[in-house]
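Single-letter residue listing:
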Amino acid sequence: MLMTVDRNVTMIFQGSQLIEKARPEKGFFIKSKKRYFSQKDDKWHTKFSWEPVTVGDLWVDENGGKCQMHFRVRMADDTMFQVDQPISRQRYTLFGSYRQGAA
C-alpha cells in the first residue's frame, strides 16, 4: 500500500515488527466492548475482552500545535482500521528522538 507522508510526520515504524525485535514477549491488544441484554435479570450488561492485533504503520504528527499518534491495526479476522490518538508534547518529542537512534 502506498502512503503519502505529510511534512509534519516525524517518522514511520512498523509497529508489530518493532515490538517483535525489541520485546518479543510483548504484543498489541485492543480492548473490545460488547453490550448485551440478559433475560435472567432483565438488564443490559457490558462485556469487555482483549483481542490480539497486528500494528502496521505507526507515526506521529503535529498539526496546529496538536500532537497525535496514528497507527494502522489489523484484527484477527483481517478487518483493518486506523486509530488516531492525541498525545502529549513530551511523548511527541520522545517519538522524534527514536529518529536519531534509528539513523
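Predicted model only: the values in this text are computed from it and were never measured. (Residues numbered from 1 in each chain as written. Predicted model: local features only at pLDDT ≥ 70, side-chain atom pairs only at ≥ 80, totals over all residues. Heavy atoms only, no water.)

1. Things to note about the side chain of His 70
- Examined against the element boundaries, His 70 turns out to sit in strand S4 (residues 66–74).
- Using a relative accessible area of 6% as the deciding quantity, one classes His 70 as buried.
- At 3.0 Å, the side chain of His 70 and the side chain of Asp 61 are in polar contact.
- Apart from residues no more than four positions distant in its own chain, His 70 is found in contact with Asp 57, Leu 58, Trp 59, Asp 61, Gln 82, Val 83 and Asp 84. (Helix = DSSP H or I, 4+ residues; strand = E, 2+ residues; numbered from the N terminus. Buried < 20%, exposed > 50% of the residue type's maximum accessible area, 1.4 Å probe, protein only. Polar contact = N/O pair within 3.5 Å; in protein donor to acceptor, adjacent residues only side chain to side chain. Contact = heavy atoms within 4.5 Å.)

2. Observations regarding the environment of Gln 90
- With respect to the helices and strands, Gln 90 occurs in helix H2 (residues 89–102).
- Here Gln 90 falls in the exposed class, since its relative accessible area comes to 61%.
- Each C-alpha atom, one on Gln 90 and one on Cys 67, is 9.6 Å from the other, the two residues being 23 residues apart in sequence.

3. Topic: the nonpolar core
- Counting residues in each nonpolar core, the largest one holds 14 residues, and the members touching the most others are Val 53, Phe 71 and Val 73.
- Taken together, the elements giving at least two residues each to this core come down to strand S3 (43–63), S4, strand S5 (80–87) and H2.
- Sequence-distant contacts of Val 73, that is, excluding residues within four places in its chain, are made with Ile 30, Val 53, Thr 54, Thr 79, Met 80, Phe 81 and Val 83. (Core = buried A, V, L, I, M, F, W, Y, C linked by side-chain atoms within 4.5 Å.)

4. Focus on the packing of aromatic side chains
- The final tally for this structure, using the stated rule, is one aromatic pair.
- In this arrangement the basic side chain of Lys 31 is found over the ring face of Phe 48, its NZ or CZ atom lying 4.7 Å from the centre. (Phe/Tyr/Trp six-rings, centres within 6.5 Å; stacked < 30°, edge-to-face > 60°. Lys NZ or Arg CZ within 6 Å of the ring centre and 35° of its normal.)

5. Quick look at the pattern of salt bridges
- Within this structure, the stated rule accounts for four salt bridges.
- Linking Arg 72 and Asp 57 is a salt bridge whose minimum nitrogen-to-oxygen distance equals 2.8 Å. With a gap of 15 residues between them, Arg 72 in strand S4 and Asp 57 in strand S3 connect regions that are remote in the sequence. Here the two residues Arg 72 and Asp 57 agree in accessibility, since each one is buried. (Salt bridge = Lys/Arg side-chain N within 4 Å of Asp/Glu carboxyl O.)

6. Side note on the confidence of the model for the chain
- Averaged over every residue, the pLDDT of the chain is 83; residues scoring 70 or more account for 83%.
- Considering each helix and strand of the chain separately, the mean pLDDT is smallest for strand S1 (residues 9–14), with a value of 68, and largest for S5, with 94.
- Contacts for the low-pLDDT stretch residues 1–5, under 50 throughout, to residues beyond four places or in other chains number six contacts. (pLDDT = per-residue confidence, 0-100.)

7. Section: the pairing of strand S2 (residues 28–38)
- Bridge analysis of S2 against S3 gives eleven bridges, and the strand direction is antiparallel. The residue of S3 that forms the bridge with Ser 32 is Ser 49.
- Linkage of S2 to S3, two consecutive antiparallel strands, is achieved through a turn of four residues, within which Asp 42 is found at a positive phi near 60°. (Pairing = 2+ DSSP bridges.)

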